[in-house]
Amino acid sequence: KLLTLIFLPVFCFGQSQFDTVSIDRNVLNEGLKIISGKKAGYFKFESQAIDQKIFNYYFFTVIDGRVLIFTFNCTQRLRNKWESIADEIVASLQVQ
C-alpha cells in the first residue's frame, strides 16, 4: 500500500467507520497524491444503494493537526462522466 504512517491512522479511521455499519462496498483504488506539495490520501469505492450502485471518492489530508476531508459521489452509471471532474477538483485544491 502507498499510504504512509502519517495517513495510516486517518485512513484506518475512515475504514473503521465503514465497519461500524453494514455497508456493501468494493474498494476500487487507494493511494497518495501530492496536492500543493502536501501528501493527500484517497480511496475510491463502490457501494450499493437500494436500487443502484454508487461511486464514492474520499480524499483527505492533514493541515495543522486537523483532517481535511473531501467526498464526492454519484451513481455508478455516471462515473465515467464525473470521476475525471472529481479528480480535477481535487487537483485544483490549494492546500497551505
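If you're wondering where the values come from, they're calculated on a predicted model, not measured in any experiment.

> Looking at this model, I keep getting lost on the overall build of the chain. Mind explaining?
When helices and strands are counted, the chain shows two helices and four strands. Along its sequence from the N terminus, the chain presents helices and strands in the succession α-β-β-β-β-α. Taking as baseline every contact in the chain between residues at least 6 positions apart, the subset at least 24 positions apart corresponds to 37%. If you sum the accessible surface of the chain, you get close to 6,200 Å²; carbon and sulfur atoms cover 54% of it.

> Sorry if this is basic, but what is going on with the side chain of serine 47 here?
The residue serine 47 is located in strand S2 (residues 38-48) in this model. Residue class for serine 47 comes out buried when judged on its relative accessible area of 11%. A polar side-chain atom of serine 47 sits 3.0 Å from a polar atom in the side chain of asparagine 56.

> Looking at this structure, how should I read the confidence of the model for the chain?
Atomic detail in the predicted coordinates should be set aside for any region of low pLDDT. On average, residues of the chain score 76 in pLDDT, and 73% of them are at 70 or above. The least confident element of the chain is helix H1 (residues 8-19), whose mean pLDDT is 50; the most confident is helix H2 (residues 79-92), at 89. Low pLDDT, under 50, characterises residues 1-7; the predicted model gives this stretch 16 contacts beyond four residues in sequence or across chains.

> Where do I start with H2 in this structure?
Residues spaced three or four apart along an α-helix point in a common direction, a consequence of the helix completing one turn every 3.6 residues. Over its 14 residues, H2 runs 19 Å from end to end, which matches the ideal 20 Å to within 8%, given 1.5 Å per residue. Here H2 has its buried residues at Arg79, Glu83, Ala86 and Val90. Along H2, the residues classed as buried sweep out an arc of 65° about the axis, all on the same side. Along H2, the residues that are exposed and aim more than 90 degrees away from the buried face are Lys81, Glu88 and Ala91. Of the surrounding secondary structure, the elements contacted by the buried residues of H2 are strand S1 (25-35), S2, strand S3 (53-63) and strand S4 (66-75).

> Got a minute to help me understand the pairing of S2 in this structure?
Along a regular strand, successive side chains alternate from one face of the sheet to the other. With eight of its 11 residues buried, S2 lies for the most part within the structure. Of the strand pairs in this sheet, S1 and S2 are connected by 10 bridges, and their pairing is antiparallel. Of the residues in S2, the one forming a bridge with isoleucine 35 is lysine 38. Relative to S3, S2 runs antiparallel, the two being bridged by eight bridges. Considered in S3, the bridge of serine 47 is made with isoleucine 54. Here S2 folds back onto S3 in antiparallel fashion, the turn holding four residues.

Basis of the calculations
- Residues numbered from 1 in each chain as written.
- Predicted model: local features only at pLDDT ≥ 70, side-chain atom pairs only at ≥ 80, totals over all residues.
- Heavy atoms only, no water.
- Helix = DSSP H or I, 4+ residues; strand = E, 2+ residues; numbered from the N terminus.
- Contact = heavy atoms within 4.5 Å.
- Areas by Shrake-Rupley, 256 points an atom, 1.4 Å probe, with all protein chains shown as cover.
- Buried < 20%, exposed > 50% of the residue type's maximum accessible area, 1.4 Å probe, protein only.
- Polar contact = N/O pair within 3.5 Å; in protein donor to acceptor, adjacent residues only side chain to side chain.
- pLDDT = per-residue confidence, 0-100.
- Expected span 1.5 Å × (residues − 1).
- Arc of directions from axis to C-beta.
- Pairing = 2+ DSSP bridges.

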